[in-house]
Amino acid sequence: MGSLNEIVKQQQQALTKPEESVSEDIVQLVGFIVGEEEFAVPILSIQEIIKPIEWTRVPFTPDYVLGVFNLRGNVLPLIDLRIKFGVAANEIDENTRFIVMKIKGEDVAFIIDRLTSALRIKKKNILPPPDTYSNEDDIIEGVGRMDDGRIITILKVDNLIKREEIVPNGN
């Protein structure tokens, strides 16, 4: 899996399946891997998914803010989810992607290890985060149980980053 076009095509194919009731509440997500874990975000929160491009380091930002890059005339901050989630950052390879999402009106890019697929999860299969989880930043929407047995952590896009974390001190 590598492009947003492939994911959209999967979504379109899934939408044409007659066996699912239209009235059933389905959440549409895009799955991706960070470290060894699979996460997902709502498909509509994604602006685009691109292969890694060159970025510029910005001083006085947290270590997971790698810097900024220019995407068609827009300067976007680049956040490494691996570092933010406390996972060892792998080398960037052919599977690594930048996933651009709109967060509180601003485009922000996140580094992920690889895309998995478009996901459709019934709302009844999404559970709240476990009580034992320390969700200080409130970034976890819930835990999705897939029909194939996988468990996927669903993220709250608007809480993935705070503006003060990506603006250098002194501004």
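It should be noted that the structure appears before, not after, this text.
Residues numbered from 1 in each chain as written. Predicted model: local features only at pLDDT ≥ 70, side-chain atom pairs only at ≥ 80, totals over all residues. Heavy atoms only, no water.

Caption draft 1: Up close: the pattern of salt bridges. Scanning all chains against the criterion turns up 7 salt bridges. Between Arg150 and Glu38 there is a salt bridge; the shortest N-O distance is 2.9 Å. Here Arg150 is found in the loop between strand S10 (140-145) and strand S11 (151-155), whereas its partner Glu38 is found in strand S2 (residues 37-42), with 112 residues between them in sequence. Owing to a relative accessible area of 10%, Glu38 belongs among the buried residues under this scheme. In this structure, Asp80 engages Arg82 in a salt bridge whose closest nitrogen and oxygen atoms are separated by 2.9 Å. Residue Arg82 is classed as buried on the basis of its relative accessible area of 2%. Shared partners join several salt bridges into a network, and the residues in it are Glu38, Asp148 and Arg150. (Salt bridge = Lys/Arg side-chain N within 4 Å of Asp/Glu carboxyl O. Helix = DSSP H or I, 4+ residues; strand = E, 2+ residues; numbered from the N terminus. Buried < 20%, exposed > 50% of the residue type's maximum accessible area, 1.4 Å probe, protein only.)

Caption draft 2: Representation of the nonpolar core within the structure. Phe32, Ile99, Met101 and Phe110 are the most contacted members of the largest nonpolar core, which has 27 residues in total. Of all elements in the fold, only strand S1 (26-34), S2, strand S3 (46-50), strand S6 (97-103), strand S7 (106-112) and strand S8 (114-122) reach the threshold of two or more residues within this core. For Phe32, the contacting residues outside a window of four places in its chain are Glu37, Glu38, Phe39, Ala40, Val41, Leu81, Ile99, Ile112, Arg114, Leu115, Thr116 and Leu155. In this structure, Phe69, Leu71, Leu76 and Ala109 belong to the second largest nonpolar core, which totals 10 residues. (Core = buried A, V, L, I, M, F, W, Y, C linked by side-chain atoms within 4.5 Å. Contact = heavy atoms within 4.5 Å.)

On their own, these measurements won't tell you what the molecule is for.
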